[in-house]
Amino acid sequence: MGLKEKRLEKGMTLKELAAASGVHYMKIYQIETGKIKPENITLRNALKLAKALGCTPDELL
């Protein structure tokens with residue numbers, strides 16, 4: 001399951017996830033649309049997003 005699917009499963013908008021994680025919403029959008037490939041997500045951002053979504057970083061990639 002990717003980032004977008006996990007976010008939608010939690011019922012969050014891009015901006016809500018951005019506020020909860022501290023990752024800019026445009027960065028999240030770029031990850032979700034494939035402009036930033038999962039292997040190029042920084043560990044720091046992966047950890048922030050996973051914590052905000054209540055999952056592990058592995059589940060996002």
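Before any of the text, the structure's been laid out above.
Residues numbered from 1 in each chain as written. Predicted model: local features only at pLDDT ≥ 70, side-chain atom pairs only at ≥ 80, totals over all residues. Heavy atoms only, no water.

Undergrad: Got a minute to help me understand the pattern of salt bridges in this structure?
TA: For side chains of opposite charge, pairing can occur when their charged atoms come near one another. Here the structure, examined in full by the defined rule, presents three salt bridges. In this structure, K6 and E9 form a salt bridge, with 3.5 Å as the shortest nitrogen-oxygen distance. Placement of both K6 and E9 in helix 1 (residues 3-9) is noted, with a separation of three residues, approximately one turn of the helix. One salt bridge connects E59 with K6, and the closest N-O pair in it is separated by 3.4 Å. Residue E59 is located in helix 5 (residues 57-60), and its partner K6 is located in helix 1; the two are separated by 53 residues in the primary sequence. Judged by relative accessible area, E59 falls into the partly exposed class, the value being 34%. Beyond isolated ion pairs, a larger network of salt bridges with shared partners links K6, E9 and E59. (Salt bridge = Lys/Arg side-chain N within 4 Å of Asp/Glu carboxyl O. Helix = DSSP H or I, 4+ residues; strand = E, 2+ residues; numbered from the N terminus. Buried < 20%, exposed > 50% of the residue type's maximum accessible area, 1.4 Å probe, protein only.)

Undergrad: Quick question: what am I supposed to make of the packing of aromatic side chains here?
TA: Think of a pair of aromatic rings as described by two things: how far the centres are apart, and how the planes are tilted against each other in angle. Considering all chains together, one arrives at zero aromatic pairs under this definition. Between K15 and the ring centre of Y25, over which it is positioned, the NZ or CZ distance is 4.8 Å. (Phe/Tyr/Trp six-rings, centres within 6.5 Å; stacked < 30°, edge-to-face > 60°. Lys NZ or Arg CZ within 6 Å of the ring centre and 35° of its normal.)

Undergrad: What is the right way to read the side chain of N45 from this model?
TA: Within the secondary structure, N45 sits in helix 4 (residues 43-53). By relative accessible area, which is 16% here, N45 ends up buried. Residues in contact with N45, not counting those within four places in the same chain, are V23 and K27. (Contact = heavy atoms within 4.5 Å.)

Undergrad: Please clarify how the packing of helix 2 (residues 14-21) against helix 3 (residues 25-32) should be interpreted in this entry.
TA: The angle between the axes and the distance between the axes are what describe a pair of packed helices. The contact between helix 2 and helix 3 brings their axes to 8 Å, and the two run at 120°. Where helix 2 crosses over helix 3, the handedness of that crossing is right-handed. Contacts between helix 2 and helix 3 involve L14, K15, L17, A18 and S21 on the former and, on the latter, Y25, I28, Y29 and E32. Its residues placed into classes, the contact of helix 2 with helix 3 shows six nonpolar, one polar and two charged. (Axes fitted to C-alpha atoms, helices over the stretch in contact; angles between N-to-C directions. Left-handed = near helix turned anticlockwise from the far one by under 90°. Nonpolar A, V, L, I, M, F, W, Y, C, P; charged D, E, K, R; others polar.)

Undergrad: What is the right way to read helix 2 from this model?
TA: It helps to recall that an α-helix has 3.6 residues per turn; residues three or four apart then point in one direction. Listed in full, the buried residues belonging to helix 2 are L14, L17, A18 and S21. For helix 2, the buried positions fall inside an angular range of 100° around the axis, keeping them on one side. In this structure, helix 2 carries K15 and A19 as exposed residues pointing more than 90 degrees from its buried face. If you follow the buried residues of helix 2, they end up packed against helix 1, helix 3 and helix 4. Of the residues trailing helix 2, G22 is marked for its positive phi of about 85°. (Arc of directions from axis to C-beta.)

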